[in-house]
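Results of the structural survey
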Amino acid sequence: MNKKTALRLVSEACIYYTAICVVFILIQAIIKGSFTSDAINCLQFIMFLPFTLFVALGNLLYRHFNSSRPKRYIFHFLCTAAGFLLGIYMPYALLSNPSGSNSFIVITLCLSLYAVALIIHAIVTSKRDKSKKEEAPYVSQFKKK
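Notes on the structure in this doc start here. Predicted model only: the values in this text are computed from it and were never measured. (Residues numbered from 1 in each chain as written. Predicted model: local features only at pLDDT ≥ 70, side-chain atom pairs only at ≥ 80, totals over all residues. Heavy atoms only, no water.)

Under the defined criterion, the tally for this structure stands at seven aromatic pairs. Consider the rings of F65 and F75, whose centres lie 5.0 Å apart with planes at 85°: the pair is edge-to-face. Taken together, the residues span a long stretch of sequence, with F65 in the loop between helix 2 (42-64) and helix 3 (69-96) and F75 in helix 3 at a distance of ten residues. A relative accessible area of 30% means that F65 is categorised as partly exposed. Note on F75: relative accessible area 34%, which makes it partly exposed. Geometrically, the ring pair formed by F77 and Y114 is tilted, given 5.5 Å between the ring centres and 45° between the ring planes. (Phe/Tyr/Trp six-rings, centres within 6.5 Å; stacked < 30°, edge-to-face > 60°. Helix = DSSP H or I, 4+ residues; strand = E, 2+ residues; numbered from the N terminus. Buried < 20%, exposed > 50% of the residue type's maximum accessible area, 1.4 Å probe, protein only.)

What follows is the structure, encoded as structure tokens:
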């Protein structure tokens, strides 16, 4: 990984981290009614960083990996799932000690939401690529210039 790619990975992770933290603080402030110190769990905020690094890595692999689109989707899924399990679910499990059935439900729900978003993205990009191919005029390669 060259310096430019590493810098892009870190900068995207920082952007995602900032956005997730701000949204999370606002949601907790709305739910609890104020910005008190007990509304913010430091462990969750620290563990958002590995999650955002894995998501940024997944996005980087998706954009710059020269392979078929299904392989890129698989790599993105693996990075995002690993980031979710390490950065989001592990702090939750450490604090609340959920049962096995609750863990299965939470993980299945989150991964199914990811799958729905992935399917929507795949449909939109395939239709966009198809319309671009149809709009492009045919240029003969064998025509004399």
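Having seen the model, we can carry on.
All right, on to helix 4 (residues 100-135) then. Two residues of an α-helix separated by three or four positions point the same way, owing to the 3.6 residues in each turn. Between its first and last C-alpha atoms helix 4 spans 52 Å; for 36 residues at 1.5 Å apiece the expected length is 52 Å, and the two agree. If you check which residues of helix 4 are buried, you get S103, Y114 and T125. Among the structural elements, helix 3 are those in contact with the buried residues of helix 4. (Expected span 1.5 Å × (residues − 1). Contact = heavy atoms within 4.5 Å.)

A cluster of nonpolar side chains, contributed by L43, L86, M90, L94 and L95, occupies part of the molecular surface with about 430 Å² of accessible area. Sort the elements by how many residues they give to the nonpolar patch and helix 3 lands first, with four residues. With respect to the helices and strands, the residue L95 is situated in helix 3. (Patch = residues over 30% accessible without salt bridge, like charges linked within 9 Å, V, L, I, M, F, W, Y side chains within 5 Å. Areas by Shrake-Rupley, 256 points an atom, 1.4 Å probe, with all protein chains shown as cover. Salt bridge = Lys/Arg side-chain N within 4 Å of Asp/Glu carboxyl O.)

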